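Residues per chain are reported as follows:
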Amino acid sequence: MKYIRLGDLLVKSGTITQTQLDEALKLQSGTGERLGSVLQKHGFITEKQLIDTLMSQLGVEFIDLNGYSIPSEMAQILPKNIAKKHSVVPIRVSRTDIRIAMADPLNFVAIEEVQSVTRRRVIPLIAASAAVDRALQNLYSNQGAMRAIEDMQRDLLGSQYGGAADTAALPQSMAVDEDEADAAPAIRLVNSIIDRACTEGASDIHMEPGEDSMTIRMRIDGILRPIIPVPRELQNSVISRMKIMARMDIAQKQIPQDGRANVTVRQETLDLRISTLPTIHGEKVVIRLLRKSPQLSSLEGIGLEGENRDRFCRLVDRAAEGVILMVGPTGSGKTSTLYAMIDRLKSEEVNLVSLEDPVEYHIGGVCQVQINDKTGLTFASVLRSVLRQDPDIIAVGEIRDGETAEIAMRAAMTGHLVLSTVHTNNAVSSVDRLLDIGVEPYLIAGAVKGIVSQRLVRRLCPHCRRPYVPAPEEQAALGMEPGEHQFYRGEGCGECFGTGYRGRTGVFEILEVTPAMRRAIHARSLKELERAMAAASFLPIMENCRRLILSGVTSAEEVQRVLGEV
């Protein structure tokens, strides 16, 4: 390929002006960034414009890595350090040529180094930068896992494998390094899986034994995705490694066990909550990944915008006493909202105590208590003790039983502000739930100030989002009157790895309890409560979803997946 400067090529094709190029070059000066990245970062061009220009001007072929299966042996052709250094992915190789996918086919330094290492002529292909990063992670992470599996199988056949026993003396807090060559194969395999989960932003890892193999799946943006199979004969070694990390009894396989471990992945500290469950094919392991010190989400970051944000702030800022509940099913983002509320309320003037199981994030200025049922530190017992600690605000991680609920309600009625969560589907059913676990109606009516119900829906990828006109049946399924509405859906691209979605946001319904609602609760009449809510201009969660659908934030399919039919 003839040497040519990217800026000259873009100006020649009319994609940018000379003035824009000069400004981009000034911005690039001293940063070490490549010009293409600077142009995209500052909005001079989009990645699609860059790809289209390079394809037309250079005749470089485009490759969609999301739909391309890269042979695992490619990781042996090009060393991992070279591939990651230059963000290039080996795609196909012959005796004389090697095809590599790269976001910048004008990176001649990368091309020459690949050519020198592989001793083959390099044929560059252009791909989306996010797709290149994902393909690199998949190819070389899987390589590390597969190499560990091969080593485990070889040791097993030679009766030399003792990875689980060798790790018994390891400390509970450890560093995860998938490239640690001296570690036992089981350690390297587990490290590779944890490293991959961290890179993918997964919230959970599932190790599921089957008849023929153990499948590793990860929950990414709320959806479980298969990652890699582990041969059945190796599953006990992998499970033993996880149990040793969590200080569990590796000899006990017939009862469920729970444990935790602290690990460090690329200077980031993770808290792993590990649970085992006996199944007919062996023990299933589920690992929850918790970041120790994340950036607490802003209200806008968790999806609170517009009228919902105003209601939320009014509810939190004006409540000097009473109970505020966050409700929703497991995995609906209640904890993130609770932490956002705690972060908003904490100050030097108040004593804020939180009771959590587990303590997921560490917050400065807040007294956080770890609940431990095994030692008698239950929500109810600790809550009684906290009331003798002169608290202003008490955050109870979850109301699980009538005793905890009643103590919380009575604390609220004696001048404390209590924040908590309840596992129910919506604001109305949370009142029904409290009644069901034995809380007296007068306590609920007198204590509860507001209820925040929420779910998490996936955001449409802004790069491949396309509008369409929905059928009347699709509008009706969302409770909308037939009309000329415009919905959106994601087609799948390199930025979202072909899913059509990228990230998640919260959808909410916020109930501020009025005197009419209190009377309905006291009378145990849910019908009266619903009428009082309608009179108070309560906006149900589906209304929030409809607004997000019409504004292109999410899709009708995603809302129906999360909430079901109206």
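Criteria and thresholds
- Residues numbered from 1 in each chain as written.
- Predicted model: local features only at pLDDT ≥ 70, side-chain atom pairs only at ≥ 80, totals over all residues.
- Heavy atoms only, no water.
- Helix = DSSP H or I, 4+ residues; strand = E, 2+ residues; numbered from the N terminus.
- Buried < 20%, exposed > 50% of the residue type's maximum accessible area, 1.4 Å probe, protein only.
- Contact = heavy atoms within 4.5 Å.
- Areas by Shrake-Rupley, 256 points an atom, 1.4 Å probe, with all protein chains shown as cover.
- Lys, Arg positive; Asp, Glu negative; His and termini not counted.
- Charge placed at Lys NZ, Arg CZ, Asp CG, Glu CD.
- Pairing = 2+ DSSP bridges.
- Axes fitted to C-alpha atoms, helices over the stretch in contact; angles between N-to-C directions.
- Parallel < 35°, antiparallel > 145°, perpendicular 65-115°, else oblique.
- Left-handed = near helix turned anticlockwise from the far one by under 90°.
- Salt bridge = Lys/Arg side-chain N within 4 Å of Asp/Glu carboxyl O.
- Arc of directions from axis to C-beta.
- Phe/Tyr/Trp six-rings, centres within 6.5 Å; stacked < 30°, edge-to-face > 60°.
- Lys NZ or Arg CZ within 6 Å of the ring centre and 35° of its normal.
- Polar contact = N/O pair within 3.5 Å; in protein donor to acceptor, adjacent residues only side chain to side chain.
- Core = buried A, V, L, I, M, F, W, Y, C linked by side-chain atoms within 4.5 Å.

**Brief notes about the overall build of the protein**
Helices and strands together make up the secondary structure of the protein, namely 22 helices and 19 strands. C-alpha extents for the protein along the principal axes are approximately 80 × 65 × 50 Å. Across the 566 residues in the protein, those meeting the buried criterion constitute 50%. Taking as baseline every contact in the protein between residues at least 6 positions apart, the subset at least 24 positions apart corresponds to 64%. A total accessible area of about 26500 Å² is found for the protein, and carbon and sulfur atoms account for 48% of it. For the protein, the distance from the average site of its 66 positive side-chain charges to the average site of its 72 negative ones is 2 Å.

**What about the sheet that holds strand S1 (residues 88-93)?**
Ordered by their spatial adjacency, 3 strands build an open sheet running S1-S2-S3, and the pairing between neighbours is mixed. Of all the strands in the sheet, just S1 and strand S3 (121-126) have a single pairing partner and so form its edges. Geometrically, the sheet is characterised by an average inter-axis angle of 30° between neighbouring strands, direction not taken into account. Relative to strand S2 (residues 97-102), S1 runs antiparallel, the two sharing 5 bridges.

**Quick notes on the packing of helix H12 (residues 306-318) against helix H13 (residues 334-345)**
For the pair H12 and H13, the least separation of the axes is 11 Å and the interaxial angle reads 55°. By the angle class used here, H12 and H13 are oblique. Seen from above, H12 lies across H13 with right-handed handedness. Of H13, the residues touching H12 (which contributes Phe312, Cys313, Val316 and Asp317) are Thr337, Met341, Arg344 and Leu345.

**Considerations on the pattern of salt bridges**
Applying the stated rule across the entire model yields 29 salt bridges. Among the salt bridges present, the one from arginine 217 reaches glutamate 208, with a minimum N-O distance of 2.8 Å. A salt bridge links lysine 243 to glutamate 283; the nearest nitrogen and oxygen atoms lie 3.1 Å apart. Of this pair, lysine 243 sits in helix H11 (residues 235-245) while glutamate 283 sits in strand S10 (residues 282-291), and the two are 40 residues apart along the sequence. Exposure remark for glutamate 283: the relative accessible area of 6% places this residue in the buried category. Within the structure, one salt-bridge network assembled from shared partners comprises Asp357, Asp373, Glu398 and Arg400.

**A short note on helix H22 (residues 556-563)**
Ala556, Glu558 and Val559 are the residues of H22 that are buried. Seen along its axis, H22 keeps its buried residues to an arc of 160°; they face one direction. On its buried face, H22 is in contact with strand S16 (448-460), strand S17 (465-468), helix H18 (472-477), strand S18 (487-490), strand S19 (501-512) and helix H21 (541-550). Positive backbone phi, approximately 80°, marks glycine 564, located one or two places after H22.

**Observations concerning the packing of aromatic side chains**
The description of two aromatic rings rests on the distance between their centres and on the angle between their planes. Tallying each qualifying case throughout the model produces 1 aromatic pair. Ring geometry for tyrosine 468 and phenylalanine 487: centres 6.2 Å apart, planes at 90°, overall edge-to-face. Of this pair, tyrosine 468 sits in strand S17 while phenylalanine 487 sits in strand S18, and the two are 19 residues apart along the sequence. This pair shows no difference in class: tyrosine 468 is buried, exactly as phenylalanine 487 is. When the ring centre of tyrosine 488 is taken as origin, the NZ or CZ atom of arginine 465, which lies over that ring, is 5.1 Å away. The ring of tyrosine 468 has arginine 489 sitting right over it, with the charged end atom 3.7 Å from the ring centre.

**Section: the side chain of threonine 337**
With respect to the element layout, threonine 337 can be found in helix H13. Polar side-chain contacts of threonine 337 include one of 2.5 Å to the side chain of glutamine 454.

**Focus on the sheet that holds strand S14 (residues 393-396)**
Note on sheets: strands pair through backbone hydrogen bonds, and any given pair is parallel or antiparallel. Ordered by their spatial adjacency, 7 strands build an open sheet running S13-S12-S14-S15-S11-S16-S19, and the pairing between neighbours is mixed. In the strand order of this sheet, the two ends are held by strand S13 (367-370) and S19, each with one partner. The average angle at which neighbouring strand axes cross in this sheet is 20°, direction not considered. Judged from the 4 bridges that link them, S14 and strand S15 (residues 417-422) form a sheet pairing that is parallel. Each residue of the ladder has a partner; that of isoleucine 393, found in S15, is leucine 417. Packed onto the sheet, helix H14 (residues 379-386) meets strand S12 (352-356), S13 and S14 and runs at close to 170° relative to S12.

**Describing the nonpolar core**
By size, the foremost hydrophobic cluster in this structure holds 46 residues, and its most contacted members are Leu39, Leu65, Val89 and Val114. Of all the elements, helix H8 (residues 129-157) adds the most residues to this core, at 6 residues. What valine 89 contacts, discounting residues up to four positions off in sequence, is Ile70, Arg99, Ile100, Ala101, Val132, Ala135, Leu136 and Leu139. If you look at the next biggest cluster of nonpolar residues, it comprises 44 residues, including Val323, Val353, Val418 and Leu443.

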